[in-house]
Amino acid sequence: MRKTAGELAQIVGGTLYGDESVLIDDVRSAESAGPSHVTFARGVYAEHIEEMQAGVILVDELPAHYTRNLIVVPDCRRSFGELVDFFHPENHVKPGIHPTAIVSDTAEIGKDVCIMAYSVIDDGVVIGDHTIIYPYTYIGKNAHIGEDCEINPGCVIHENTEIGSRVVLRAHAVIGGQGFGFSTDEQGHHHHIRQLGKAIIGDDCEIGAGSTIDNGALNDTVVGRGTKIDNLVHLGHNVQVGEDCFICAQTGVAGSTTIGSHCILAGQAGVNGHINITDNVVLGGKAGVIGSIKEPGVYIGYPARTHAQWGRVEVAVSHLPEMMKKLRLLEKKLAALEKE
């Protein structure tokens, strides 16, 4: 497929500055794009536009001086995503139920649903229109899945789970498994307490490969609309996550914690249980949150503290060897004075 720069500008709704007749046949990264490719540049990459070899470059703002063919759009990364879909459309699957799939007679299957090989759909399950169930998926009793969802291979959706519309579960995600609830007797033996709550995933969410979201103990575990969860993330029982959050790989959130909307939890962040994190909080990589966070902002380190506080502490730590030398010197001088 080949399109002119002018046609690409129309597709993304941008303004072209340059040669509208240049032909583009694919998308590429800024480093690897050649004359027949389109890429995008923002942040530090925008400073190196003149060094790029791409035939067309999407940008957020028109630079003062340029010689390249540029398309200015409000959000060049999002527009680049539109062109990724344009040049590399997803494969469409045919609706239908594979002969090896096991589907309960009491399950309600919507229009144009695709259920692939060796999937198991239990009693009382409801699956909305146009949803795709990939092979080796298990959907437990009375689970509800909305429209236009994509449930990838090996996913497990436990009983009573509720999943909204346009939700993507990547391979081997586990939703609604029994939460980690135990009582310990006088002999130190642990006894599991059955968890009765649901796991509820809002519309337009994405759950990464191998991620696990436990069901609630009595109340529900809830992930709000539009939240995107990376691979290998764990949310404990009764966790509440707001809307449009990013939760990155290997993050763990202990039970009964509430996280507001528009939060970002960077990779390997750890969050204690039974605490509250307000809206618009960013946790840096490996941040450890041991108490509630009441003010928006960026928090780093263990225990997590504001970026400014963390910076001051790190500066002080870097001076510790020098401070120790000075302390020893002062101790020697003090000892000498005491002898006089």
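From a predicted model like this one, the values you see are computed outputs, not experimental measurements.

**Focus: the packing of helix α1 (residues 5-12) against helix α2 (residues 76-87)**
1) Next: Orientation of α1 relative to α2, taken along the N-to-C sense of each, is 115°, at an axis distance of 10 Å. By the angle between their axes, α1 is roughly perpendicular relative to α2. In this structure, the crossing between α1 and α2 has a hand that is right-handed. Between α1, through L8, I11 and V12, and α2, the contact on the second element is made entirely by S79, E82, L83, F86 and F87.
2) Next: Among the residues making up the contact of α1 with α2, the classes are represented as six nonpolar, one polar and one charged.

**A look at the nonpolar core**
1) Next: Among the nonpolar cores identified, the biggest contains 47 residues, and I139, L169, I201, L235, L265, I277 and L283 are the most heavily contacted of them.
2) Next: Contributing elements (two or more residues each) for this core: β24 (199-201) and β37 (281-283).
3) Next: The contacts of I201, once residues within four sequence positions are left out, are E162, I163, G164, V167, I175, I207, I213 and V223.

**Focus: the packing of aromatic side chains**
1) Next: Counted by the stated rule, this structure contains five aromatic pairs.
2) Next: Centroid distance F40 to F80: 5.0 Å. Interplanar angle 45°. Geometry classified as tilted. With a gap of 40 residues between them, F40 in strand β5 (residues 37-41) and F80 in helix α2 connect regions that are remote in the sequence. By the burial criterion, F40 is buried, and F80 matches it.
3) Next: Taking 4.9 Å as the distance between ring centres and 70° as the angle between the ring planes, the aromatic pair formed by F180 and F182 counts as edge-to-face.

**Concerning the environment of S36**
1) Next: Position of S36 among the secondary structure elements: in the loop between β4 (26-27) and β5.
2) Next: The spatial distance from the C-alpha of S36 to the C-alpha of Q53 is 9.1 Å, given a sequence separation of 17 residues.
3) Next: Setting aside chain neighbours within four positions, we find S36 in contact with L23, I24, D25 and D26.

**Structural notes on the layout of surface pockets**
1) Next: Approximately 490 Å³ is the volume attributed to the largest pocket.
2) Next: Class assignment of the residues belonging to the lining of the largest pocket gives a composition of seven nonpolar, three polar and 10 charged.
3) Next: Taken as a whole, the second largest pocket encloses approximately 150 Å³ of empty space.
4) Next: Taken together, A41, R42, A46, I49, E50, V59, D60, E61, P63, H65 and Y66 make up the lining of the second largest pocket.

**Some details on the sheet that holds β37**
1) Next: A sheet is described by the order of its strands in space; here 12 strands give the open sequence β8-β11-β14-β17-β20-β25-β28-β31-β34-β37-β39-β40, paired in mixed fashion. In this open sheet, the two strands that pair with only one neighbour each are β8 (96-97) and β40 (305-306).
2) Next: Here two bridges tie strand β39 (residues 297-300) to β40, and the two strands are oriented antiparallel to one another. The residue of β40 that forms the bridge with Y299 is T306.

**Side note on the side chain of T161**
1) Next: For T161, the position within the fold is in the loop between β18 (156-157) and β19 (162-163).
2) Next: Contact partners of T161, with chain neighbours within four places excluded, come to N142, A143, H144, I175, G176 and A199.

**Things to note about the sheet that holds strand β6 (residues 56-59)**
1) Next: Strand order in this open sheet of five strands is β2-β7-β6-β5-β4, and the pairing throughout is mixed. In this open sheet, the two strands that pair with only one neighbour each are β2 (15-17) and β4.
2) Next: Here α1 sits on the sheet in contact with β2, β5, β6 and β7 (70-72), set at roughly 15° to β7.
3) Next: The strands touched by α2 within the sheet are β4, β5 and β6, with β5 carrying the most contacts at an inclination of about 160°.

**Some points on the pairing of β6**
1) Next: Here β6 shows two buried faces, one formed by V56 and L58 and the other by I57 and V59.
2) Next: With four bridges joining them, β5 and β6 adopt parallel strand pairing. Along β6, the bridge assignment pairs A41 with V59.
3) Next: The pairing of β6 with β7 spans three bridges and is parallel.

What counts as what
Residues numbered from 1 in each chain as written. Predicted model: local features only at pLDDT ≥ 70, side-chain atom pairs only at ≥ 80, totals over all residues. Heavy atoms only, no water. Axes fitted to C-alpha atoms, helices over the stretch in contact; angles between N-to-C directions. Helix = DSSP H or I, 4+ residues; strand = E, 2+ residues; numbered from the N terminus. Parallel < 35°, antiparallel > 145°, perpendicular 65-115°, else oblique. Left-handed = near helix turned anticlockwise from the far one by under 90°. Contact = heavy atoms within 4.5 Å. Nonpolar A, V, L, I, M, F, W, Y, C, P; charged D, E, K, R; others polar. Core = buried A, V, L, I, M, F, W, Y, C linked by side-chain atoms within 4.5 Å. Buried < 20%, exposed > 50% of the residue type's maximum accessible area, 1.4 Å probe, protein only. Phe/Tyr/Trp six-rings, centres within 6.5 Å; stacked < 30°, edge-to-face > 60°. 1 Å grid on protein atoms, 1.4 Å probe; cavity = no way out; pocket = protein on both sides within 12 Å on 5 of 7 lines; lining within 4 Å. Points joined across faces, edges and corners; volume = space filled by probe spheres on them. Pairing = 2+ DSSP bridges.

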